[in-house]
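Examination of the molecular architecture
The primary structure of each chain is shown beneath.
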Amino acid sequence: MNKPTARAAKRAATAQRILQAAREEFAADGFEGATIRRVASRAGVDPSLVIQHYGSKAALFTAAIQLQQNTPAAAAEHVLDVLDLRIGPLPPETAALVRSMLTVPEATQSMKAHLDERIANLARGIGGDDADLRAALTVSSILGLTVARHFLKLDSLVQATDSELARAAASWLTAIIDPATPEEPDGAAGASGRPRAGDPDPPDEATTA
């Protein structure tokens, strides 16, 4: 490996380490509470390197809250997968984005763009009358559950196990997605207790999403 390539690889690795440290710092303290100095400390670098790589705290925050796109899946199955993810511990970038989405313009814009994209994809998947509205209600419900469990820490939601909460939430999510047919499609079981294809006589609460 020649020296320029080695330097580029080292620089990229440092930038990634800073970005991961920023996600953790913003997730813990939000935009207002996080500092460049603490991000640098988490990453094990000098604060000047953080500025060299990202320019400012605001630019670093914008980079840190970018959410990865998911591979499209069947609409109801995809919603249940998202539900499983949001009930469990949140990735640092998601926690940072949700924590700051009402107070930081960059987070507000990023969250809106992400949710609008999720709503559009889900609406195309479920089809039918009022698909856009039903998709928006589904996405908003999962966001509300995320906030209530991980940030407000409502007693009933915190005390429930992941499986209990996912199983209970599955029924009303499926009812929004497809009011006429509240059964979920066959698929692998997750935290929501979804049955595998061919399982005999699954209980009603496990077959709704």
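Definitions and cut-offs
- Residues numbered from 1 in each chain as written.
- Predicted model: local features only at pLDDT ≥ 70, side-chain atom pairs only at ≥ 80, totals over all residues.
- Heavy atoms only, no water.
- Salt bridge = Lys/Arg side-chain N within 4 Å of Asp/Glu carboxyl O.
- Helix = DSSP H or I, 4+ residues; strand = E, 2+ residues; numbered from the N terminus.
- Buried < 20%, exposed > 50% of the residue type's maximum accessible area, 1.4 Å probe, protein only.
- Core = buried A, V, L, I, M, F, W, Y, C linked by side-chain atoms within 4.5 Å.
- Contact = heavy atoms within 4.5 Å.
- Axes fitted to C-alpha atoms, helices over the stretch in contact; angles between N-to-C directions.
- Parallel < 35°, antiparallel > 145°, perpendicular 65-115°, else oblique.
- Left-handed = near helix turned anticlockwise from the far one by under 90°.
- Nonpolar A, V, L, I, M, F, W, Y, C, P; charged D, E, K, R; others polar.

Taken as a whole, this structure holds seven salt bridges when the rule is applied. Put simply, arginine 42 and glutamate 24 hold a salt bridge, and the shortest N to O gap is 3.5 Å. Remark: glutamate 24 occurs in helix α1 (residues 3-33) and arginine 42 occurs in helix α2 (residues 36-43); sequence separation between them is 18 residues. For arginine 42, a relative accessible area of 43% translates into the label partly exposed. For arginine 42, the salt bridge is made with glutamate 25, and the minimal N-O distance between the two is 2.6 Å. Taken as a pair, arginine 42 in helix α2 and glutamate 25 in helix α1 lie far apart in primary sequence, 17 residues in all. Here the salt bridges share partners, and the residues they tie into one network are Glu24, Glu25, Asp29, Arg38 and Arg42.

Side chains that are nonpolar tend, in soluble globular proteins, to be buried together. Among the nonpolar cores identified, the biggest contains 53 residues, and Ile18, Phe26, Val50, Leu60, Phe61, Leu83 and Leu145 are the most heavily contacted of them. Looking at this core, the element that brings in the most residues is α1, giving eight residues. Among all residues touching isoleucine 18, those that are not within four sequence positions of it are Val39, Ala43, Val45, Leu49, Val50, His53, Tyr54 and Leu60.

Viewed as axis vectors pointing N to C, helix α8 (residues 131-150) and helix α10 (residues 162-177) meet at an angle of 160°, and their least axial separation amounts to 9 Å. Here α8 lies roughly antiparallel to α10, going by the angle between them. Crossing angle aside, the handedness with which α8 passes α10 is right-handed. Counting all contacts with α8, which are made through Arg134, Leu137, Thr138, Ser141, Ile142, Leu145 and Arg149, the residues of α10 involved are Asp162, Leu165, Ala169, Trp172, Leu173, Ile176 and Ile177. Residues belonging to the contact of α8 with α10 are distributed by class as follows: nine nonpolar, two polar and three charged.

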